Structures are given as C-alpha cells and as structure tokens.
Amino acid sequence: MRRVMNEMFEISIDDQGTVRELYLRQDPEGMNWVIDPDYLQSVGYPDEDKCFGRFILETNGHHYTLDDVEPVFTDEEDSVTVSYPFGEVQVHQCYSLSDSSSLQYTIRLSNQGSSRVAIDRFEVWLSLAYVMFRDLKVKRNMTQSCAVFPSISPDFSRFAAVRRSNRGPHLGIFNTEGRTLSLGTYCQQLGRAIGPFDS
C-alpha cells in the first residue's frame with residue numbers, strides 16, 4: 001500500500017492502483033471518504049470493481065480493465081502515478097499532493113503507437129463513501145457516510161459530497177480540464193432486516 005499526504009489530505013493506494021483510503025487530516029470524525037472494498041466484501045456486496053480509480057476502457061474493438069495488466073507505479077515524494085500499458089494505449093492516473101491544501105487527481109490516455117486510436121468508451125469510478133452501513137450504529141451512517149450530488153457544467157463538472165450529519169468538513173471533486181460526458185452515482189439495495197437501531 002502506498003501512502004501520500006499533505007497538510008489537508010492523506011491517501012492510500014493499493015497494488016492495483018485503486019484508492020483504499022482518503023482522509024481529510026483535520027476531520028475530527030476520521031472519515032474515510034472512499035468506499036472500502038473490505039467493508040463491501042464483509043457484508044456481501046459484490047462491488048469491488050467499482051472502487052475509486054477502477055475503470056473500463058474500450059478502444060479499437062478491445063475491452064480493458066485494470067485487472068488485465070500489471071500496473072507500473074512511479075512514486076515521488078508528494079505524488080503517485082499509476083500507469084496501465086494496454087499495448088497501443090496507456091492509461092495514467094496521477095494522485096498529486098504537491099499543493100498543501102488540495103489533491104489533484106489526473107487521468108490521461110496516451111497513444112503508444114503510430115496509428116490512430118479510437119476511444120469508444122472510457123468510464124472511471126470515483127466512488128465516494130456514500131454507502132449506508134449495514135449495522136445497528138446510526139451514528140456511523142451519520143458521521144462516516146456522505147450524500148453525493150453530481151453536476152455537469154460547461155465550466156467545471158463536480159461531485160459535492162456532504163456528510164450525512166451535515167457537519168463539516170465536506171468534500172468536493174471538480175473537473176477542471178478535459179470533457180465529462182456524464183456523472184452519476186450507483187446504488188445497490190439488498191432488503192435485509194438488521195434489527196433495532198441504536199445511536
């Protein structure tokens with residue numbers, strides 16, 4: 001596991017290049033702002049393929065995910081870049097904390113060949129901790145989970161993540177370059193009773 005931090009953020013990236021932990025360092029609740037795949041597995045949600053940083057790429061008739069290749073890591077003091085070489089196309093994800101008060105997440109595709117490459121589909125999961133925990137602790141859902149509000153704009157698209165207790169700090173993800181065609185959230189519901197609730 002790779003860990004990078006600055007004054008505001010702390011991030012952990014696993015050996016596949018997905019973000020396992022994202023903390024606001026001044027947050028008194030110590031909330032992990034991304035979905036934890038260990039929690040998903042413990043409650044039987046088969047959604048590890050939707051964790052932060054996972055992607056689907058379709059190009060020139062080929063379908064790729066990060067499971068199809070061994071990632072290459074470039075570690076620096078204040079950043080981690082993960083590259084996925086798929087022959088003619090490479091996907092690069094960079095997590096930079098060089099600015100003391102922000103986390104810059106950059107996704108870039110590069111053509112490694114001499115012929116034109118058509119990108120037919122490119123989807124990236126930015127899965128924030130909007131999961132509702134399946135346990136009896138109501139306070140956990142209020143302090144360790146958020147509601148996510150997506151918005152597409154010609155200037156910048158964004159996700160606003162608001163902690164369910166409505167007590168800050170909250171988190172925003174802003175797209176400042178490139179083009180975003182769609183934003184959304186994913187919900188899976190399993191109707192299992194879990195008994196009387198407590199705080």
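Scroll up for the structure.
Before going into details, it helps to say that this report is about the structure given with it. Being a predicted model, the structure only gives us computed values, none of them experimental. (Residues numbered from 1 in each chain as written. Predicted model: local features only at pLDDT ≥ 70, side-chain atom pairs only at ≥ 80, totals over all residues. Heavy atoms only, no water.)

**Some thoughts on the sheet that holds strand β5 (residues 62-65)**
Cut-off, in case you're wondering: Note: two strands are recorded as paired if DSSP finds a minimum of 2 bridges between them. Each helix corresponds to a stretch of at least 4 residues labelled H or I by DSSP, and each strand to a stretch of at least 2 residues labelled E; elements are numbered beginning at the N terminus. Lines are fitted to the C-alpha atoms to define the axes, a helix being fitted only along its stretch in contact, and any angle between axes, read from their N-to-C directions, falls within 0 to 180 degrees.
The strand order across the open sheet built from 3 strands is β5-β4-β10, with neighbouring strands paired in antiparallel fashion. A strand with exactly one partner marks an edge of an open sheet, and here the two such strands are β5 and β10 (119-124). Put simply, the sheet's adjacent strands are angled 10° from each other on average, direction ignored. Two elements, strand β4 (residues 55-59) and β10, share 5 bridges in a ladder whose sense is antiparallel. Following the sheet pairing, glutamate 58 is matched in β10 by arginine 121.

**Here we look at unusual backbone geometry**
Here the residue pair glycine 168 and proline 169 is connected by a cis peptide bond, since its omega of 5° sits within 30 degrees of zero. Topologically, proline 169 is positioned in the loop between β12 (157-163) and β13 (171-175). With a phi close to 65°, asparagine 166 is a non-glycine residue in the positive phi region. Inspection of the secondary structure assignment puts asparagine 166 in the loop between β12 and β13.

**A word on the sheet that holds β13**
Overall, antiparallel pairing links the 3 strands, which are arranged β11-β12-β13 in an open sheet. In the strand order of this sheet, the two ends are held by β11 (146-151) and β13, each with one partner. Within the sheet, the average angular offset between the axes of one strand and its neighbour, ignoring direction, is 10°. Sheet analysis places β12 next to β13, joined by 5 bridges and oriented antiparallel.

**Here we look at the pairing of strand β2 (residues 9-13)**
Rule in force here: Relative accessibility thresholds used throughout: buried, under 20% of the residue-type maximum; exposed, over 50%; partly exposed, between the two (1.4 Å probe, protein chains only).
Counting buried residues in β2 gives 5 out of 5 residues, a clear majority hidden from the surface. Examined bridge by bridge, strand β1 (residues 2-5) and β2 share 4 bridges and lie antiparallel to one another. Looking across to β2, one finds that arginine 3 is bridged to serine 12. What sits between β1 and β2 in their antiparallel hairpin is a turn of 3 residues. Both β2 and strand β3 (residues 19-24) contribute to a ladder of 5 bridges, which runs antiparallel. When the bridges of β3 are listed, isoleucine 11 appears paired with leucine 22. The antiparallel hairpin formed by β2 and β3 contains 5 residues in its connecting segment, where glycine 17 sits at a positive phi of about 95°.

**Considerations on the side chain of asparagine 141**
Counted only if it meets this: Two residues form a contact once any of their heavy atoms are found within 4.5 Å.
Structurally, asparagine 141 can be placed in helix α2 (residues 138-143). On the basis of relative accessibility, which here comes to 10%, the residue asparagine 141 falls in the buried class. Not counting the four nearest positions on each side in its chain, asparagine 141 is found in contact with Val131, Met132, Phe133 and Arg164.

**Structural notes on the pattern of salt bridges**
Where we set the bar: Definition used for salt bridges: Asp or Glu carboxyl oxygen within 4 Å of a side-chain nitrogen of Lys or Arg.
Summed over all chains, the structure comprises 11 salt bridges. Here aspartate 49 ties to lysine 50 by a salt bridge, and the two come within 3.1 Å at their closest N and O atoms. You can call lysine 50 buried: its relative accessible area is 15%.

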